[in-house]
Amino acid sequence: EPEVTQTPSHQVTQMGQEVILRCVPISNHLYFYWYRQILGQKVEFLVSFYNNEISEKSEIFDDQFSVERPDGSNFTLKIRSTKLEDSAMYFCASNLNREGTQYFGPGTRLTVL
Amino acid sequence: AQSVTQPDIHITVSEGASLELRCNYSYGATPYLFWYVQSPGQGLQLLLKYFSGDTLVQGIKGFEAEFKRSQSSFNLRKPSVHWSDAAEYFCAVGRITGTASKLTFGTGTRLQVTL
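Source: prediction; values computed, not measured.

(A) Structural context of the overall build of chain B. When helices and strands are tallied, chain B shows 0 helices and 12 strands. Scanning chain B from its N terminus toward the C terminus, one meets helices and strands in the order β-β-β-β-β-β-β-β-β-β-β-β. In terms of overall size, chain B behaves like a compact globule, its C-alpha atoms giving a radius of gyration of 14 Å where 115 residues would be expected to give roughly 13 Å. For chain B, the C-alpha atoms occupy an extent of roughly 45 × 30 × 25 Å along the three principal directions. Excluding contacts between residues fewer than 6 apart, the proportion of contacts in chain B whose partners are at least 24 apart in sequence is 54%. Averaging the positions of the 10 positive and the 8 negative side-chain charges in chain B gives two centres separated by 9 Å.

(B) Spatial organisation of empty space enclosed by the protein. Per the stated rule, a full pass over the model turns up 2 cavities of 30 Å³ or more. The volume enclosed by the largest cavity comes to roughly 60 Å³. Taken together, 13 residues form the lining of the largest cavity, with A:Arg98, A:Glu99, B:Phe34, B:Gly94 and B:Ser101 sitting closest to its centre. When residues of the lining of the largest cavity are traced back to their parent elements, those giving at least two are strand 5 (32-38), strand 10 (87-97) and strand 11 (100-105) of chain B. For the lining of the largest cavity, a count of residues per class yields 4 nonpolar, 5 polar and 4 charged. Empty space within the second largest cavity amounts to approximately 40 Å³. Together, B:Val37, B:Ser39, B:Leu47, B:Lys61, B:Phe63, B:Ser84, B:Asp85, B:Ala87 and B:Tyr89 line the second largest cavity. Per-class residue counts for the lining of the second largest cavity are 5 nonpolar, 2 polar and 2 charged.

(C) Expanded view of the state of the cysteines. One pass over the structure, following the stated rule, counts 2 disulfides over all chains. The disulfide partner of A:Cys23 is A:Cys92, and the S-S distance across this bridge is 1.9 Å. Here the S-S torsion is close to -65 degrees, and the disulfide linking A:Cys23 with A:Cys92 is therefore left-handed. Here the residue A:Cys23 occupies a position in strand 3 (residues 19-24), and A:Cys92 occupies one in strand 9 (residues 88-95), the gap between them amounting to 69 residues. For the pair A:Cys23 and A:Cys92, a shared accessibility class is recorded, and that class is buried. Disulfide partner of B:Cys23: B:Cys91, at an S-S distance of 1.9 Å. The chirality of the disulfide connecting B:Cys23 with B:Cys91 is left-handed, given an S-S dihedral of about -65 degrees. Here B:Cys23, found in the loop between strand 3 (19-21) and strand 4 (24-26), pairs with B:Cys91, found in strand 10; they are 68 residues apart in sequence, far enough to count as distant. Taking relative accessible area as the criterion, B:Cys91 reaches 0% and is therefore assigned buried.

What counts, and at which threshold
Residues numbered from 1 in each chain as written. Chains lettered and ligands numbered in written order. Predicted model: local features only at pLDDT ≥ 70, side-chain atom pairs only at ≥ 80, totals over all residues. Heavy atoms only, no water. Helix = DSSP H or I, 4+ residues; strand = E, 2+ residues; numbered from the N terminus. Rg over C-alpha atoms; globule rule 2.2 N^0.38 Å. Contact = heavy atoms within 4.5 Å. Lys, Arg positive; Asp, Glu negative; His and termini not counted. Charge placed at Lys NZ, Arg CZ, Asp CG, Glu CD. 1 Å grid on protein atoms, 1.4 Å probe; cavity = no way out; pocket = protein on both sides within 12 Å on 5 of 7 lines; lining within 4 Å. Points joined across faces, edges and corners; volume = space filled by probe spheres on them. Nonpolar A, V, L, I, M, F, W, Y, C, P; charged D, E, K, R; others polar. Disulfide = S-S within 2.5 Å. Buried < 20%, exposed > 50% of the residue type's maximum accessible area, 1.4 Å probe, protein only.

Structure, rendered in structure tokens:
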């Protein structure tokens, strides 16, 4: 069964550094998402992406964040200058149509020191 | 704005006992409703979903959920819990927004299963 994959599984970085989290959505899916889950808290929506542009972004998704689909398979989340509070599990998701089920990847745990 | 409430933070049940996890939502239109499960260190796996039609939906691993519009609820049930069901369960409501959609999650219910 097709699945969403994410790399790396764990990323440790110093405050102020840039990180890029990578996702490979299910191949025929058209809609892509990033969510995050701070330890012990609920999963929160960050951004949705369709047709090579952002569809919606949350208040969390400020100018330090950006997303890109650099080729036909990858979907990336960049944090330009990481802060301690960016430490969280980041999940990528995708769906075939906007009403459909969002399928989630296993997540990347980001630790900012 | 939509919201989801899962009033039970932590539930413990004995293996073989029945289970009901509560979920209440707030949403102005007909909701898309989901239950996801997260095992420790793992991603989110879809258990079941409600879009329309029959209000009792069946999912994987023997789970079912019932949509009750009058109570704004979408409770998850399982008649007989297995030790492997121990995990965190998230209820979510989906909303179409612009050209895509968005899920709003509840805070989750951690299920512990005793042998």
